[in-house]
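Listed here are the chains, written in short residue letters.
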Amino acid sequence: MSATEGSTELKIYQPPAALAGSAHVSGMAAYEAMCQAAEADYEGFWAGHARELLSWKTPFTKVLNESEAPFFKWFEDGTLNASYNCLDRNIERGLGDKTAIIFEADGGEVTKVTYKELLAKTCQIANGLKSLGIKKGDRVVIYIAMSIDGVAAMQACARIGATHSVVFGGFSAQSLRDRIEDTGAVAVITADNQVRGGKQLPLKSIVDEALALGGCDSVKNVLVVKRSGAAIAMTAGRDLWMADVVASQPTSCEPEWVSAEHPLFLLYTSGSTGKPKGVQHSTGGYLLHAALTTKLTFDLKADDVFWCTADIGWVTGHTYITYGPLALGGTEIVFEGVPTYPDAGRFWKMIQDHKVSIFYTAPTAIRSLIKAAEANDAVHPKSYNLSSLRILGSVGEPINPAAWEWYHQHVGGGRCPIVDTFWQTETGGHMITPLPGATPLVPGSCTLPFPGIQAAVVDETGKDVPWGQGGILVVKKPWPSMIRTIWGDPERFKKSYYPEDFKGKYYLAGDGAIRDAKTGYFTITGRIDDVLNVSGHRMGTMEIESALVSCTELVAEAAVVGRPDDTTGEAICAFVVLKRPRPTGDEAKAIAKQLRDWVGKEIGPIAKPKDIRFGDNLPKTRSGKIMRRLLRSLAKNEAITQDTSTLENPAILEQLGDNH
Ligand code: PRX
């Protein structure tokens with residue numbers, strides 16, 4: 001029986017005794033005591049951690065300000081600097097010569113930087129940015145691959161109080177342009193190109209293309225890091241090599257002390273409607289949760305080697321690469337490449353080579369590596385020495401119990417707890433997660449809320465539903481690292497997360513959840529809006545539909561739904577009506593390829609539909625509404641058992657079935 005069905009036969013994994021004995025949170029009683037402390041004095045709980053984990057230039061006297069709810073403020077009269085906390089603070093604690101980052105390039109070359117070196121590099125970039133007139137409050141877009149330069153560029157923005165907005169290197173020129181325009185960025189930091197899986201892929205030329213699309217007049221400079229020396233065009237007066245800008249800059253830079261509420265970064269993510277939204281995060285509250293969750297969820301200790309495989313273009317890379325581990329003085333891996341190059345043993349080899357002790361990755365990666373390992377012993381984890389591992393983590397999508405068991409047994413040798421961390425771009429850090437030295441684990445469940453987080457499952461009216469019954473996931477109280485607003489669109493913020501028809505009082509995550517009838521453990525049942533999760537990447541169905549219909553030459557109408565996929569969790573399935581007769585056979589294949597490439601150009605390769613089907617029309621009600629539930633069944637190649645009496649054109653269903 002699974003956690004969603006009851007609790008009598010749950011497979012439970014207790015924390016290993018040695019780990020539990022020495023963990024920051026040791027045993028369930030300690031976890032419960034933390035939860036009770038938060039319950040008894042909510043503000044005092046967070047304030048205590050904020051004083052312990054962060055250095056403040058001006059100590060805060062106010063903790064939570066709810067007067068403009070749902071625009072909550074935390075520690076608002078305190079001042080601090082995120083880069084000071086991640087770098088200088090550690091050097092002052094005697095960690096200057098400790099390795100901060102072990103960088104492994106796509107081809108395997110390793111570069112290490114200590115805290116002192118990372119600070120010097122960050123300060124040089126910060127001074128370089130200042131020399132170009134970039135100042136507190138300006139926005140800087142960063143479009144770069146995984147690199148020490150990428151992390152240092154983010155830290156440098158934080159140092160001078162500029163708000164960074166990192167755009168994942170897989171996004172297209174059009175997506176990059178949209179984000180640059182929305183942020184009003186004064187500069188873009190990029191590299192000549194990126195190297196992934198042995199291939200060189202462009203970055204700078206995509207920036208050029210994005211800027212040429214128009215609407216980016218705010219951009220005064222493009223700073224280019226040299227990655228591979230590829231030939232690129234430089235526009236005089238606008239484009240500068242990063243090396244030239246920083247060469248003569250001092251290696252120290254007084255931090256800009258900002259209010260705790262100062263926007264540290266904007267990160268774009270997909271919603272159910274419209275264009276991606278710029279999620280705005282604060283400095284103080286965000287950094288607190290980044291540090292606290294890194295410490296407790298991963299039980300990070302002084303001699304750990306921490307590896308989060310996410311890209312800095314996503315929130316996981318922000319919180320668990322750029323900010324959390326560094327705020328704690330940890331040693332971490334930054335990896336440029338992909339898990340399957342030069343072969344699917346890459347992750348295991350890197351864990352072995354660098355003696356990684358905490359490993360945090362996505363279920364999609366695990367599932368694809370299982371397939372490879374089962375086909376070839378040489379890339380199976382058993383062919384590597386993974387004895388350095390003590391904790392494993394999972395993020396971004398539900399981890400199915402079979403993948404969980406494999407990860408636990410073959411990667412973790414049966415001795416490493418798996419922390420299945422549920423959270424979102426908007427939440428800034430972990431919300432529902434096991435703590436490795438405390439929480440008994442149940443595969444497929446993200447278990448219990450992080451101490452202080454008031455997660456609950458409710459019905460449409462906001463009333464708690466009993467355990468064992470599915471409902472809507474909410475967070476009842478504001479927490480320090482929560483989204484502050486959607487950049488430039490406070491109304492959309494309110495509507496998306498604190499909608500009136502939901503009484504406007506709880507944070508609405510956009511996911512469904514169910515709590516186990518006996519243990520109260522949470523299992524996330526998936527999005528309740530039109531957002532898909534493909535390989536842990538969030539995609540709005542409307543966004544992909546708009547991209548398809550923007551191919552005005554070909555497309556009359558399009559509807560996009562998700563369907564379950566063994567490897568990527570969900571796959572994108574598009575139903576398309578063309579402005580020409582419905583194609584079949586090779587012609588259908590050729591047009592599908594053309595449309596896939598189009599979406600790749602409009603959004604990025606991650607948004608390309610896996611399946612494109614053509615029809616003379618879409619299934620609609622008599623009033624013209626597309627019946628998406630039917631499309632979902634068609635996408636899964638399921639027999640249609642739903643009521644189709646309101647369907648105007650039943651014949652269309654056959655056409656849209658699996659027609660290739
Ligand atoms: O649906 C949930 C899913 O990913 C969504 C958040 O996506 P994003 O903002 O891109 O952040 C991903 C990295 C934190 C959520 O609304 N999700 C995330 N983690 C889990 C998950 N679903 C199930 N289990 C998880 N551990």
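Chains are numbered independently. Their residues run from 1 in the order of the written sequence. With pLDDT at 70 or above as the cut-off, local features in this predicted model cover only qualifying residues; side-chain atom pairs require 80 or more to be listed or tallied, and sums for whole chains, interfaces and linings still use all residues. To get the side-chain values, all heavy atoms of the structure are used, and hydrogens and water are removed first.

Quick notes on the overall build of the protein
Helix and strand counts for the protein come out as 19 helices and 30 strands. Using C-alpha atoms as the atom set, the radius of gyration is obtained and then compared with a globule rule of 2.2 Å times the number of residues to the power 0.38. For the protein, the C-alpha radius of gyration of 24 Å lies close to 26 Å, the compact-globule estimate for 660 residues. Burial here depends on accessible area, computed with a 1.4 Å probe over protein chains only, as a share of the maximum for the residue type. Under 20% is buried, over 50% is exposed, and the range in between is partly exposed. Residues counted as buried form 61% of the 660 residues belonging to the protein. Whether two residues are in contact is decided by their heavy atoms: any pair within 4.5 Å suffices. For the protein, long-range pairs separated by at least 24 residues make up 70% of all intrachain contacts whose partners lie at least 6 apart in sequence. Carbon and sulfur atoms provide 52% of the accessible area of the protein, an area that totals close to 24,400 Å². For the protein, the centre of its 68 positive side-chain charges and the centre of its 75 negative side-chain charges are spaced 1 Å apart. Counting from the N terminus, the helices are DSSP H or I runs at least four residues long and the strands are E runs at least two residues long. Computed with a 1.4 Å probe, the accessible areas rest on the Shrake-Rupley method; for each residue, only the protein chains presented here act as cover. All tallies of charge rest on Lys and Arg as positive and Asp and Glu as negative; His and the ends of each chain are not included. Note on charges: their place is set at NZ of Lys, CZ of Arg, CG of Asp or CD of Glu.

Let's talk about the sheet that holds strand β19 (residues 391–395)
Between any two strands, pairing holds if DSSP finds at least two bridges. On the basis of which strands lie adjacent, the open sheet formed by seven strands has the order β5-β4-β17-β16-β18-β19-β20 and mixed pairing. The outermost strands of the open sheet, each flanked by one partner alone, are β5 (110–114) and β20 (418–421). The mean inter-strand angle of the sheet, taken between neighbouring strand axes irrespective of direction, is 20°. Note: strand β16 (residues 305–308) against strand β17 (residues 331–335), three bridges, orientation parallel. In the sheet register, F306 faces β17, and the bridge partner there is E332. The axes used here are C-alpha line fits, helices contributing only the stretch in contact, and every angle between their N-to-C directions lies in the interval 0 to 180 degrees.

Let's talk about the packing of helix α16 (residues 541–549) against helix α17 (residues 585–602)
Taken N-terminus to C-terminus, the directions of α16 and α17 make an angle of 115°; their axes are 9 Å apart at the nearest point. Viewed along their axes, α16 and α17 adopt a mutual orientation that is roughly perpendicular. Our pair here, α16 against α17, has a crossing hand that is right-handed. Along its contact with α16, which presents I544, A547 and L548, the element α17 presents L595, W598, V599 and E602. Under this grouping Gly is polar, as are all residues other than the nonpolar Ala, Val, Leu, Ile, Met, Phe, Trp, Tyr, Cys and Pro and the charged Asp, Glu, Lys and Arg. Class assignment for the residues of the contact of α16 with α17 results in six nonpolar, no polar and one charged. Just so you know how the angles are binned, under 35 degrees is roughly parallel, over 145 roughly antiparallel, 65 to 115 roughly perpendicular, and the rest oblique. Here is the rule for handedness: rotate from the far helix to the near one, and if that takes an anticlockwise turn smaller than a right angle the crossing is left-handed, while a clockwise turn gives right-handed.

Some thoughts on the UniProt feature "modified residue: N6-acetyllysine" (unreviewed entry) in the protein
Taken from the UniProt record, the annotation "modified residue: N6-acetyllysine" (unreviewed entry) applies to K625. For K625, a relative accessible area of 59% puts it in the exposed group. Discounting residues that sit within four places of it in the chain, K625 has contacts with P619 and K620. UniProt positions are given in the numbering used here, feature names are shortened, and annotations may be inferred rather than shown by experiment.

A word on the site of the ligand
Only heavy atoms are used to decide nearness, and a residue is near a molecule or strand if one of them lies within 4 Å of it. In the vicinity of the ligand there are 16 residues, among which D420, T425, D511, R527 and R538 approach most closely. In the model, a nitrogen atom of the ligand is placed 3.2 Å from a nitrogen or oxygen of the G396 main chain. For this analysis, a polar contact is any N or O atom pair within 3.5 Å, provided that within protein one partner can donate a hydrogen and the other can accept it, and provided that sequence-adjacent residues contribute only side-chain to side-chain pairs. Take R527: an N or O atom from its side chain is 2.8 Å from an oxygen atom of the ligand. Across the complex, the protein chains shield 95% of the 540 Å² of accessible surface that the ligand would expose by itself. Contributions of two or more residues to the shell around the ligand are made by β20 and β25 (522–527).

A word on the environment of K593
Counting through the fold element by element, K593 comes out in helix α17. The partly exposed category is assigned to K593, whose relative accessible area is 49%. Separated by 281 residues in sequence, K593 and I312 have C-alpha atoms that sit 30 Å apart.

Observations regarding the state of the cysteines
Cysteine sulfur pairs qualify as disulfides if the two atoms are within 2.5 Å. Scanning all chains against the criterion turns up zero disulfides. Cysteine C216 remains unbridged, with the sulfur of C157 as its closest cysteine sulfur at 17 Å. Judged by its relative accessible area of 6%, C216 is buried.

Structural notes on the packing of helix α13 (residues 363–375) against helix α14 (residues 401–411)
Two elements in contact, α13 and α14, have axes separated by 10 Å at closest approach and are oriented at 65°. Here α13 is positioned roughly perpendicular relative to α14, judged by the angle of their axes. Remark: the crossing between α13 and α14 carries left-handed chirality. Within the contact between the two elements, α13 uses I366, R367, L369, I370, A373 and E374 and α14 uses A403, W406 and Y407.

Considering the sheet that holds β25
An order of β21-β22-β24-β25 is seen for the four strands of this open sheet, with the pairing classed as antiparallel. Sheet topology places β21 (455–458) and β25 at the edges, where each strand pairs with a single neighbour. Geometrically, the sheet is characterised by an average inter-axis angle of 45° between neighbouring strands, direction not taken into account. Bridging between strand β22 (residues 471–475) and strand β24 (residues 507–515) involves four bridges; their strand directions are antiparallel. Directly across from I472, in β24, lies its bridge partner G512.

Description of the pairing of β5
Pairing of strand β4 (residues 99–104) with β5 involves five bridges; the strand directions are antiparallel. The residue bridging E104 from the neighbouring strand is V110, located in β5. With antiparallel pairing between neighbouring strands as the criterion, β4 and β5 make up a hairpin whose turn holds five residues, including G108 at a positive phi of roughly 105°.

Topic: the side chain of N221
Positionally, N221 belongs in strand β11 (residues 221–225). Its relative accessible area of 10% is what places N221 among the buried residues. In terms of polar contacts, N221 uses its side chain to reach the backbone carbonyl oxygen of R238, at 3.2 Å. Setting aside anything within four residues of it in sequence, one finds N221 in contact with L132, V186, A187, V188, G237, R238 and L240.

Structural notes on the UniProt feature "domain: Acetyl-coenzyme A synthetase N-terminal" (unreviewed entry) in the protein
Here, UniProt's "domain: Acetyl-coenzyme A synthetase N-terminal" (unreviewed entry) annotation points to residues 31–86. Structurally, residues 31–86 comprises 48% helix and 11% strand, and the distance from its first C-alpha atom to its last is 27 Å.

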